[in-house]
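# Notes for the structure review
Here are the chains, one letter per residue:
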Amino acid sequence: MNPAGFREFLAPYRFVNQDSSNDLTAVKIHPGEEGNSSYIPASLVKMIVKALDLPERRTFLTDTTVLYGGRRMTAPDYASLAYDHGFRMPDLPPFIVADGLAGTDEFVVKLPSQCNAEVARLASVLTRTDNAVMISHFKGHLLAGFGGSIKHLGMGWAAKAGKLYQQSSVMPFVKVDKCTMCKACIAVCGAAAIKPQGKSVRIDKTICTGCGECIQRCPEGAIRISWNQESHTFMNRMTEYALAASMATRIPVYVNFLINISPDCDCMKNERSPMVNDIGVLASSDPVAIDQASLDLVTAAAPLEQNAPAGLDKFLHIRPDRDGKEQLRIGEKIGLGNRKYRLVEV
C-alpha cells in the first residue's frame, strides 16, 4: 500500500468539485478503542485523504461517542484518544466528534415507508456535511456478526439515543452458576447497571443500555444474550439507521480495509488474532455490495489457526448465533444497496 497505488485505486471516486469550495467533507473513521491495535492506522487514512484530493480546511475526520465506559464516551476524551492514536494535525485534518460533547447533539431523519422505524436520530454534524467518505475496517463484531460499511453507517453515525434504540432489544442476562464474582463486568459497565447480588451479579434492565461490553469482558462466559429472540431486531434497526445515514449526506465512496481481520471489533480492548492473512482494500459506491464482496473474500481465504476453512463463513463459525448476512439481506430489501457486484482488481 503506497500513495501512488491509492491514487490509481481511488481515481474513479475522486469527487471534489473546485466550484464547490464551501463544501464540507467528513471522513468517517474509527480511531480504535484504547488498548486495541487492529484499527485502520492514521498513515493509511492519510493516503486516502491525499488520493481523493480532499481540500484542506474543508475536510475533517469524525466519529461518534459510545454508550459504554472508556475514552470514547465523551468528546474531549475521545479527541485525546484519537490524537494518541495518530489522528492529528498537521498530517491529517482535525478530528471532530460528530454528536457533541456527550453524544446528545442529534437531528432526526424521516425514514421511508419500507422501514419499520419512522425516524432515525443521527449525529448533528451531518446537518452541515456536504460529502462523506466512509473508511471502514472489515472484521468480526459481537452483535452484528461482522462489521463493515453497513455497520459503520448504521451504528457509527447514530447519536447516543440512536445507538440506545438499536441496542435496546439486546439485553444480557447472568448465568448464575457460571459467575465467579470477579466483577470485571461491573468495572466496564458505563451505565452502572450491574451490581452484586449474593454469590453472583445482577443486571438492572431498566438502566442497561444493551451495549454488550459486559459480554465481551466476562472471562467465564457467565453473561449471555438470547440471540435467537433478539438477532433480527438488532440487525433490522442497525441497517435502517445505515439507510438514514446514507440519506443524510452524499457518500461518493465507501472504502473497506481487509487487513488485521480480527473476530472482534475495533471497539474492543485486547482483540484476538487475525482470522486470515491480509487481503487488501475494496472501494465502491454501494455499501451493501462492498460488504458482500468483503465477506466473500474472507470466506474464500485460507484460515489462520483454528478458524473455519476456506469456503465457510468464518464469522458465523465463531458466532453461530450471529448471521451477519442478515444485514446484507435487509439492506438490499430496504434499498440501501445491491448484493450483486463485479470485482475489478487494480
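The structure contained in this document is the topic of the report that follows.

Calculation notes
- Residues numbered from 1 in each chain as written.
- Predicted model: local features only at pLDDT ≥ 70, side-chain atom pairs only at ≥ 80, totals over all residues.
- Heavy atoms only, no water.
- Helix = DSSP H or I, 4+ residues; strand = E, 2+ residues; numbered from the N terminus.
- Buried < 20%, exposed > 50% of the residue type's maximum accessible area, 1.4 Å probe, protein only.
- Pairing = 2+ DSSP bridges.
- Axes fitted to C-alpha atoms, helices over the stretch in contact; angles between N-to-C directions.
- Contact = heavy atoms within 4.5 Å.
- Salt bridge = Lys/Arg side-chain N within 4 Å of Asp/Glu carboxyl O.
- Parallel < 35°, antiparallel > 145°, perpendicular 65-115°, else oblique.
- Left-handed = near helix turned anticlockwise from the far one by under 90°.
- Nonpolar A, V, L, I, M, F, W, Y, C, P; charged D, E, K, R; others polar.
- Right-handed = clockwise from strand over helix to strand, strands pointing away.
- Polar contact = N/O pair within 3.5 Å; in protein donor to acceptor, adjacent residues only side chain to side chain.

### Here we look at unusual backbone geometry
Backbone torsion omega between Met89 and Pro90 reads 5°, so that peptide bond is classified as cis. Its identity is not glycine, yet Lys183 carries a phi of approximately 70°, on the positive side. With respect to the helices, strands and loops of the structure, Lys183 is situated in the loop between β9 (173-174) and α6 (184-188). Relative accessible area serves as the criterion here: at 41%, Lys183 is assigned to the partly exposed category.

### Concerning the sheet that holds strand β3 (residues 95-97)
Consider a sheet: its strands pair through backbone hydrogen bonds, and that pairing is either parallel or antiparallel. Taking strand neighbours across the sheet as the criterion, the six strands line up as β3-β2-β1-β6-β13-β14 in an open arrangement whose pairing is mixed. At either margin of the open sheet sits one strand with a lone partner, and together these are β3 and β14 (280-284). Each adjacent strand pair in this sheet contributes to an overall mean axis angle of 25°, direction not counted. In this sheet, strand β13 (residues 250-258) lies alongside strand β6 (residues 131-137) in parallel orientation, the contact comprising six bridges. Across the sheet, Val133 pairs through a bridge with Val253, a residue of β13. Across the face of the sheet, helix α1 (residues 3-10) comes into contact with β13 and β14 while running at roughly 30° to β14. On top of the sheet, helix α2 (residues 42-51) reaches β1 (25-28), β2 (59-63), β6 and β13; it is set at about 145° to β13, its chief contact.

### Side note on the pattern of salt bridges
Under the criterion given, the structure shown has 15 salt bridges. Its salt-bridge partner being Asp53, residue Arg14 comes within 3.7 Å of it at the nearest N-O pair. Placement of the pair is Arg14 in the loop between α1 and β1 and Asp53 in the loop between α2 and β2, with a sequence separation of 39 residues. Relative accessible area serves as the criterion here: at 38%, Asp53 is assigned to the partly exposed category. Measuring nitrogen to oxygen at the nearest pair gives 3.2 Å for the salt bridge that ties Arg71 to Asp77. In the salt-bridge network here, residues are joined through shared partners; they are Lys28, Glu33, Asp63 and Arg72.

### Comments concerning the packing of α1 against α2
Where α1 contacts α2, the axes come no closer than 9 Å and their chain directions differ by 50°. Comparing the axis directions of α1 and α2 gives the class oblique. Here α1 runs over α2; the crossing is right-handed. Where α1 abuts α2, its residues Pro3, Phe6, Arg7 and Leu10 lie against Leu44, Met47, Ile48, Lys50 and Ala51. Residues that form the contact of α1 with α2 fall into these classes: seven nonpolar, no polar and two charged.

### Observations regarding the pairing of β1
Neither face of β1 is left uncovered, since the one carrying Thr25 and Val27 and the one carrying Ala26 and Lys28 both have all their residues buried. Sheet topology note: the β1/β2 ladder contains four bridges and is parallel. Pairing of Thr25 across the sheet is with Thr59, part of β2. On the question of chirality, the crossover connecting β1 to the parallel β2 by way of α2 is right-handed. Bridge analysis of β1 against β6 gives four bridges, and the strand direction is parallel. Pairing of Ala26 across the sheet is with Ala132, part of β6.

### Quick look at the side chain of Arg72
Assignment of secondary structure puts Arg72 in the loop between β2 and α3 (75-84). A distance of 3.3 Å separates polar atoms of two side chains, one belonging to Arg72 and the other to His30. Filtering out sequence-adjacent residues up to four positions away, Arg72 remains in contact with His30, Gly32, Glu33, Asp63, Thr64, Thr65, Val66, Tyr78, Leu81 and Cys267.

### What about helix α11 (residues 325-334)?
Three or four residues apart is the spacing at which side chains of an α-helix point the same way, because the helix has 3.6 residues per turn. Buried within α11 are the following residues: Glu326, Gln327, Leu328, Ile330, Gly331 and Ile334. Remark: Gly335 follows α11 within two positions and exhibits a positive phi of approximately 95°.

### Focus: the packing of helix α9 (residues 287-300) against α11
The interhelical angle for the contact between α9 and α11, taken along N-to-C directions, is 155°, at an axis separation of 10 Å. For the element pair α9 / α11, the angle class is roughly antiparallel. The two elements α9 and α11 meet at a crossing, and its hand is left-handed. On α11, the residues that touch Val288, Asp291, Gln292 and Leu295 of α9 are Lys325, Gln327, Leu328, Gly331 and Glu332.

### A closer look at the side chain of Ser38
Its place among the elements puts Ser38 in the loop between β1 and α2. What Ser38 contacts, discounting residues up to four positions off in sequence, is His137, Asn260, Asp266 and Glu271.

### Here we look at the environment of Lys139
Along the chain, Lys139 falls in strand β7 (residues 139-141). For Lys139, a relative accessible area of 5% translates into the label buried. Spatially, the C-alpha atom of Lys139 lies 9.3 Å from that of Ser38, the residues being 101 residues apart in sequence.

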